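Residue-level structure breakdown
Below, each chain spelled out in residue letters.
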There are 2 protein chains.
Amino acid sequence: MQSDLLAFENFLGKDGVQKDDISNHITDWTGQFKGHGSVVLYPKSTEEVSAILAYCSRNKIAVVPQGGNTGLVGGSIPVHDEVVLSMNKINKQFSFDDTMGILQCDAGFILEELDNKLAKLGYMMPFDLGAKGSCQIGGNVATCAGGIRLIRYGSLHAHLLGLTVVLPDEQGSVLHLGSSIRKDNTSLHTPHLFLGSEGQLGVITSVTMTAVPKPRSVQSAMLGVESFKKCCEVLKLAKSSLSEVISSFEFLDADIMECLKSNLDLHPVLSKSTPFSILVETSGSNEDHDMEKMSAFLDECLSKNLILDGVLAGSSADAANMWKLRESAPLAVTRDGYVYKHDVSLPLENYYELTNVMKARCGDLAKRVVTYGHLGDGNTHLNITAGKRCEELEELMYPFLYEWVVAHGGSISAEHGIGQLKLPYSNLGKESEERLLTKKLKNIFDPNGILNPYKMI
Amino acid sequence: MQSDLLAFENFLGKDGVQKDDISNHITDWTGQFKGHGSVVLYPKSTEEVSAILAYCSRNKIAVVPQGGNTGLVGGSIPVHDEVVLSMNKINKQFSFDDTMGILQCDAGFILEELDNKLAKLGYMMPFDLGAKGSCQIGGNVATCAGGIRLIRYGSLHAHLLGLTVVLPDEQGSVLHLGSSIRKDNTSLHTPHLFLGSEGQLGVITSVTMTAVPKPRSVQSAMLGVESFKKCCEVLKLAKSSLSEVISSFEFLDADIMECLKSNLDLHPVLSKSTPFSILVETSGSNEDHDMEKMSAFLDECLSKNLILDGVLAGSSADAANMWKLRESAPLAVTRDGYVYKHDVSLPLENYYELTNVMKARCGDLAKRVVTYGHLGDGNTHLNITAGKRCEELEELMYPFLYEWVVAHGGSISAEHGIGQLKLPYSNLGKESEERLLTKKLKNIFDPNGILNPYKMI
């Protein structure tokens, strides 16, 4: 409504309210989700966020908080005509304590910018993901972003210390939760409730968290493995032998390797073709030590017949070639035409069984059924491709796939979240008492239900 | 009341209800806190906990959950006549996935028992504390226990995956929160709300968390340092040089060293007497590598004039002597007669300033003002001793000390929690919006306010 726009301009100035050319704020980057919002707001401070949320709460106007809009489940774009609350201009305040390793910054900072700032001080962010050039730290917290370093540094729960959040209540309450020190047991640890809350509880405007010392040495190796069972044995050995230096343990099956070759002309780094490939990375403070550990690990894998082949990257170019295979996998599958992406966790005994089950189930309707993922975290990105969108295939896949995952003790969303995409399945495996509790919690933070509706909760 | 006792016996059998000889359940181990409860209940299952809490909620009977009763703030004993709900008999179920490193166990398991079980499988618990022989994992979660390995493995937030909890509502609702896999983004991360909740929200009956590979090599070194500023520089260097292997960075000042000598006849391991001592520990998978890193670190400390003296433990007996100094500090101070213990966090620039401020303030009323603690976490255990309890000294100390800590950006409770001890100061530095939020949260979980009253919230 016109009066609402005037109110927003009153809070933010004319340049804080965008009405035209907003398509990249109401569509996600995959093009899969498209909303109908008509306005994007750009607050520049916590106080401006507070004014907007108080106004919207009093007037029952629905709001979608939006960081870098890099999500994969449609969580950061409007479903209907919600107002988009962009964090793009909340990116000024940054401070870092380089003795304690504690970072405090505005929520709109882009992950890669933070990593670059920290690198100059000998530190780095404890997580890394493909979208690092666009995603924002506030969104990372709101989605409890995972990525490739989780096996080493843990989830964001391991690092979060404090948050400034604005609640969507009639006062636009500003809360400073947690603290800026490493240990604080003086109240409920409420900042952690915002990790993975997907913009349901409040708008994060500032984040305080720990960073980790930047490793001086990063080593990579690619292993070829005959069976999935042996992949698990290699993982167990890696965790024990590479212990404190292991930083990634990534998995690719022969089908994604074939897809990389045919769709992107990317060739395996191992001379032999093997059913499974594993990319192991170490990060440490001493190159000689890490090389020695990695060599001993490879030797032990070979002597125990756990791997068919293995190569240690001798240069950063070698390592880049290995990582290019893993990092290009999401692009390679899109070249088939249409891709059904998945992001699920499973106990390791069922991790690859899912792939076999889906291959058998989809048959010729699927162009490819390929698997890559973070094996060390039990997180599989099973992708099923087709020439184009295919309803018959969809009916075979859903809800079967998610029901299978839950029946086998897994999670239907390992790191991408629920958003819009998985809302139809979000009750799977959840007990009614848990659902009731989350609804009660939502109601405390967002009594008028204006924040990010039609999603997650 | 007699009818309540009959009801409890009906739920638990006669051997599940103790009415006599309960003094060790209504008094804390330091003797500082004594309640007036008249009954201790020993449920053997989640279902029995549920029956008790449902009954108590309907009949408005206050309940104190109790694990190992090893806390230091009176959080696990009754204040008035609350029923004590002991977890001692909920300690049967234990399982461990040694590929993923995931532990699932009943809440009543003693920390040391778990550590011993995991050791046989090549793993260990990611935290360690003085009370490990008596404290229980459920209590560790409820207090977000810290300890000496936090600098390496992070807080319990880094490891918690799932909980079974029973709510103190009229149904005694049993909730299975979180999951048993490493990555799960399908709902609010409610298990983390129980970390540090001090028995205010529900009774934890089962815990799912990650363990860490047991290090094959543990090295210790004691350093003598001239100034507190140099201690901070040594910390910064240790984090960068010992990076992935550092597992402890403990601090002792000259006054606690003197106290150890005069009260326990324990002598420093360094030949020179220095104003400050630092105990550094590394834990890793390769002894040669760790020794080399530790030696290089000591050399760099010496060549940069950061330390006056330094010795690397050449044997486990040497290391034990070093650790005995640190671990005996809490005992040594008690021998002075009466001790005022503190557990606060501060930014490092104010860490030791607090000691100097309190020395000047307490003057001759204090027998000693000594400081030891987890410097790497910003956590100081400042202890002030006297021949006996002294009201004049107390008036000088409180609330001054806690107000000073909050004014300098610290936390009045780093790892011990609020309990009864710090309740008078628990609003310090907290905003009214935060207080209101925690009260609303408490009310969702415990609508009748029966769980652990007169404490924390």
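Once a new chain begins, its residue numbering starts again from 1 and follows that chain's sequence as written. Each chain gets a letter, beginning with A, and each ligand a number, beginning with 1, in the order they are written. It should be noted that, the model being predicted, local features are given only for residues of pLDDT at least 70 and side-chain atom pairs only at 80 or more, the latter also being counted only at that level, while totals for whole chains, interfaces and linings use all residues. As a rule here, side-chain values cover all heavy atoms of the structure and leave hydrogens and water aside.

Heads up, the condition is: UniProt positions are given in the numbering used here, feature names are shortened, and annotations may be inferred rather than shown by experiment.
Going by what an unreviewed UniProt entry lists, chain A is known as D-2-hydroxyglutarate dehydrogenase, mitochondrial and is assigned to Caenorhabditis nigoni. Under the Cofactor (unreviewed entry) heading, UniProt states for chain A: "FAD". Check the Catalytic activity (unreviewed entry) section of the UniProt entry for chain A; it says "(R)-malate + A = oxaloacetate + AH2".

Structural notes on the overall build of chain A
Selection rule: Secondary structure elements follow DSSP: runs of H or I no shorter than four residues count as helices, runs of E no shorter than two count as strands, and numbering proceeds from the N terminus. Each radius of gyration is computed over the set of C-alpha atoms, and the globule rule expresses the reference value as 2.2 Å times the number of residues to the power 0.38. Think of it in three bands: with a 1.4 Å probe and only protein chains considered, a residue is buried below 20% of the maximum accessible area for its type, exposed above 50%, and partly exposed in between.
The number of helices and strands found in chain A is 16 helices and 19 strands. For 457 residues, the compact-globule formula gives about 23 Å, and the C-alpha radius of gyration of chain A, at 23 Å, lands near that figure. For the C-alpha atoms alone, the extent of chain A along its principal axes is close to 70 × 55 × 45 Å. When the 457 residues of chain A are sorted by exposure, 62% land in the buried category.

Focus on the packing of helix 9 (residues 254-264) of chain B against helix 11 (residues 316-334) of chain B
Each pair of packed helices gets described by two things: the angle between the helix axes and the distance between those axes. Residues and elements named next belong to chain B. Threshold: To define axes, lines are fitted to C-alpha atoms, for helices over the stretch in contact only, and angles between the resulting N-to-C directions are given on a 0 to 180 degree scale. The cut-offs work like this: below 35 degrees is roughly parallel, past 145 is roughly antiparallel, 65 to 115 is roughly perpendicular, and the gaps in between are oblique. Crossings are sorted by hand: turned counterclockwise from the far helix by less than a right angle, the near helix makes the crossing left-handed, and turned clockwise it makes it right-handed. Any two residues having at least one pair of non-hydrogen atoms within 4.5 Å are treated as being in contact. Polar here means any residue outside two lists: the nonpolar Ala, Val, Leu, Ile, Met, Phe, Trp, Tyr, Cys and Pro, and the charged Asp, Glu, Lys and Arg; Gly therefore counts as polar.
Between helix 9 and helix 11, whose axes approach to 9 Å, the crossing angle comes to 70°. As judged from the angle between their axes, helix 9 and helix 11 are roughly perpendicular. The handedness of the crossing between helix 9 and helix 11 is left-handed. Touching Ile256, Met257, Cys259, Leu260, Asn263 and Leu264 of helix 9 are Leu325, Ser328, Ala329, Leu331, Ala332 and Val333, all from helix 11. Grouping the amino acids of the contact of helix 9 with helix 11 by side-chain chemistry returns 10 nonpolar, two polar and no charged.

Observations concerning unusual backbone geometry
For the bond running from Tyr398 of chain A to Pro399 of chain A, omega is 0°, close enough to zero to count as cis. One can find Pro399 of chain A in the loop between helix 14 (391-397) and helix 15 (400-407). Located in the positive-phi region is Asn452 of chain A, a residue other than glycine, with phi close to 50°. Among the secondary structure elements, Asn452 of chain A is positioned in the segment after helix 16 (432-445). Here the phi dihedral of Asn305 of chain B falls at roughly 55°; this positive angle occurs in a residue that is not glycine. Residue classification places Asn305 of chain B among the exposed residues on the basis of a relative accessible area of 54%.

Some details on the side chain of Thr99 of chain A
Locating Thr99 of chain A in the fold gives a position in the loop between strand 5 (94-97) and strand 6 (102-106). Here Thr99 of chain A is in contact with Tyr123 of chain A together with Cys232, Leu235, Lys236, Lys239 and Leu348 of chain B, once residues within four sequence places are set aside.

Examining the pattern of salt bridges
So the rule is basically this: We count a salt bridge whenever a side-chain nitrogen from Lys or Arg sits within 4 Å of a carboxyl oxygen from Asp or Glu.
In this structure the tally under the stated criterion is 32 salt bridges over all chains. With a shortest N-O distance of 2.8 Å, Asp336 of chain B and Arg368 of chain B are connected by a salt bridge. Of this pair, Asp336 of chain B sits in the loop between helix 11 and strand 16 (338-341) while Arg368 of chain B sits in strand 18 (residues 368-374); the two residues are 32 residues apart in sequence, bridging distant segments of the chain. As far as burial versus exposure is concerned, Asp336 of chain B and Arg368 of chain B are alike and both buried. Via salt bridges that share partners, Glu9, Lys14 and Lys19 of chain A belong to a single interconnected network.

Let's talk about the interface of chain B and chain A
Counted only if it meets this: The term buried area means the drop in 1.4 Å probe accessible area that two parts suffer when joined, counted for both and summed. Between N or O atoms, a polar contact is any pair within 3.5 Å; within protein, one atom must be a potential hydrogen donor and the other a potential acceptor, and residues adjacent in sequence are included only when both atoms are from side chains.
Taken together, the contacts link 84 residues of chain B with 84 residues of chain A. Summing both sides of the interface, chain B and chain A together bury roughly 6900 Å²; the carbon and sulfur share of this comes to 58%. When the buried area of chain B at its contact with chain A is split by residue, Lys183, Asn185 and Leu188 of chain B rank highest and sum to 13% of it. Joining chain B to chain A, the criterion identifies six salt bridges. Between Glu415 of chain A and Lys183 of chain B there is a salt bridge, and its shortest N-O distance comes to 2.8 Å. For the interface between chain B and chain A, the tally reads 43 residue pairs in polar contact (both at pLDDT 80 or more). Looking at the side of chain B that touches chain A, the elements that each hand over two or more residues are helix 6 (150-153), strand 9 (174-178), helix 7 (191-194), helix 8 (228-241), helix 10 (287-303) and helix 16 (432-445) of chain B.

Regarding the packing of aromatic side chains
The condition that has to hold: Each pair of aromatic rings taken from Phe, Tyr and Trp, with Trp reduced to its six-membered ring, is defined by centres within 6.5 Å and is described as stacked if the planes are under 30 degrees apart, edge-to-face if over 60, and tilted in the remaining cases. Only lysine NZ and arginine CZ atoms are considered, and such an atom sits over a ring when it is within 6 Å of the ring centre and within 35 degrees of the ring normal.
With the rule as written, the count across this model stands at 35 aromatic pairs over all chains. Arranged with centres 5.8 Å apart and planes meeting at 20°, the rings of Phe228 of chain B and Tyr352 of chain B form a pair that is stacked. A residue pair is termed long-range when its members are at least 10 positions apart, and Phe228 of chain B in helix 8 and Tyr352 of chain B in the loop between helix 12 (348-351) and helix 13 (353-362) qualify at 124 residues. Like Phe228 of chain B, the residue Tyr352 of chain B is buried in the burial classification. Put simply, the rings of Phe228, Phe251, Phe276, Tyr351 and Tyr352 of chain A pair up and form one aromatic cluster. Note that Arg361 of chain B overlies the ring of Phe400 of chain B, its terminal NZ or CZ placed 3.8 Å from the centroid.

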